[in-house]
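# Report on the structure
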Amino acid sequence: MAPKPATTAREMAQVETIIGRILQVGVIFSAIVMLIGLALFLVTGYSGYEGDFVPRQMGMILAGTWQLKPYAIMMLGVYCLILTPVLRVVVSIYAFYKEKDHLYVAITTLVLIILLIALAIGVKG
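To start, this report covers the structure provided alongside it. (Residues numbered from 1 in each chain as written. Predicted model: local features only at pLDDT ≥ 70, side-chain atom pairs only at ≥ 80, totals over all residues. Heavy atoms only, no water.)

We now examine the overall build of the protein chain. Within the protein chain, the secondary structure is distributed over four helices and zero strands. Across the protein chain, helices and strands are ordered from the amino to the carboxyl terminus as α-α-α-α. Relative to the globule expectation of 14 Å for 125 residues, the C-alpha radius of gyration of the protein chain, 19 Å, shows a markedly less compact shape. Principal axes of the C-alpha set define a box for the protein chain whose edges measure 65 × 30 × 15 Å. (Helix = DSSP H or I, 4+ residues; strand = E, 2+ residues; numbered from the N terminus. Rg over C-alpha atoms; globule rule 2.2 N^0.38 Å.)

With 29 residues, helix H3 (residues 70–98) extends 42 Å from end C-alpha to end C-alpha; this agrees with the ideal 42 Å at 1.5 Å per step. Within H3, the axis deviates most sharply at Thr-84, by approximately 25°, and proline Pro-85 lies no more than four positions further along. Of the residues trailing H3, Lys-100 is marked for its positive phi of about 60°. (Expected span 1.5 Å × (residues − 1). Bend = angle between axes of the 7 residues up to and from the residue.)

All right, on to the environment of Gln-24 then. With respect to the element layout, Gln-24 can be found in helix H1 (residues 5–44). Judged by relative accessible area, Gln-24 falls into the partly exposed class, the value being 42%. Taking C-alpha positions, Gln-24 is 9.1 Å from Thr-84, a pair spaced 60 residues apart along the chain. (Buried < 20%, exposed > 50% of the residue type's maximum accessible area, 1.4 Å probe, protein only.)

Here the largest pocket defines a volume of roughly 270 Å³. For the largest pocket, the lining is made up of eleven residues, of which Thr-8, Glu-11, Ala-95, Lys-98 and Glu-99 are closest to its centre. Of all the elements in the fold, those that place two or more residues in the lining of the largest pocket are H1 and H3. Partitioned by chemical class, the residues of the lining of the largest pocket number six nonpolar, one polar and four charged. (1 Å grid on protein atoms, 1.4 Å probe; cavity = no way out; pocket = protein on both sides within 12 Å on 5 of 7 lines; lining within 4 Å. Points joined across faces, edges and corners; volume = space filled by probe spheres on them. Nonpolar A, V, L, I, M, F, W, Y, C, P; charged D, E, K, R; others polar.)

Once that is clear, we can look at the packing of helix H2 (residues 58–66) against H3. Put simply, H2 and H3 touch, their axes get as near as 8 Å, and they point 125° apart. When the axis of H2 is compared with that of H3, the two are oblique. Between H2 and H3 the crossing geometry is left-handed. Seen from H2, the contacting residues are Met-58, Ile-61, Leu-62, Gly-64 and Thr-65; seen from H3, they are Ala-72, Ile-73, Met-75, Leu-76 and Tyr-79. Taken together, the residues of the contact of H2 with H3 break down into eight nonpolar, two polar and no charged. (Axes fitted to C-alpha atoms, helices over the stretch in contact; angles between N-to-C directions. Parallel < 35°, antiparallel > 145°, perpendicular 65-115°, else oblique. Left-handed = near helix turned anticlockwise from the far one by under 90°. Contact = heavy atoms within 4.5 Å.)

On the surface, Leu-103, Tyr-104, Ile-107 and Val-111 cluster together into a nonpolar patch covering about 370 Å² of accessible area. Note that Ile-107 resides in helix H4 (residues 102–124). Assessed through its relative accessible area of 40%, Ile-107 is described here as partly exposed. (Patch = residues over 30% accessible without salt bridge, like charges linked within 9 Å, V, L, I, M, F, W, Y side chains within 5 Å. Areas by Shrake-Rupley, 256 points an atom, 1.4 Å probe, with all protein chains shown as cover. Salt bridge = Lys/Arg side-chain N within 4 Å of Asp/Glu carboxyl O.)

Moving on: H4. Taking 1.5 Å as the rise per residue, H4 with 23 residues should run 33 Å; its terminal C-alpha atoms sit 33 Å apart, in good agreement. For H4, the full list of buried residues reads Val-105, Thr-108 and Leu-112. Those residues of H4 hidden inside the fold are in contact with H3.

Here is the structure:
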């Protein structure tokens, strides 16, 4: 039995609200993390690393964050900001799947694959 159109419209409105919240929370969380790193840098006057080194690999960022190194904390915020739209694409795939819109599931999945390849290239340098 096919779902009622009103139910589908209501579900899609809920998904759009969730997507909007994901973007809001992701940006706010990222900004808070970056501000914590910046405040720590301004208070200590030390980046946590020698010279002009900035951690770029996730393992180094997580280890540096655990050690409260300001640059690592700021980079964690940047990575969270980068991953926010990726999460939005994942939720969109789910929404299109629930809507049984197979064309948009395929297109959005292709977009996700391209984003993941770009992230992998960016991480590798």
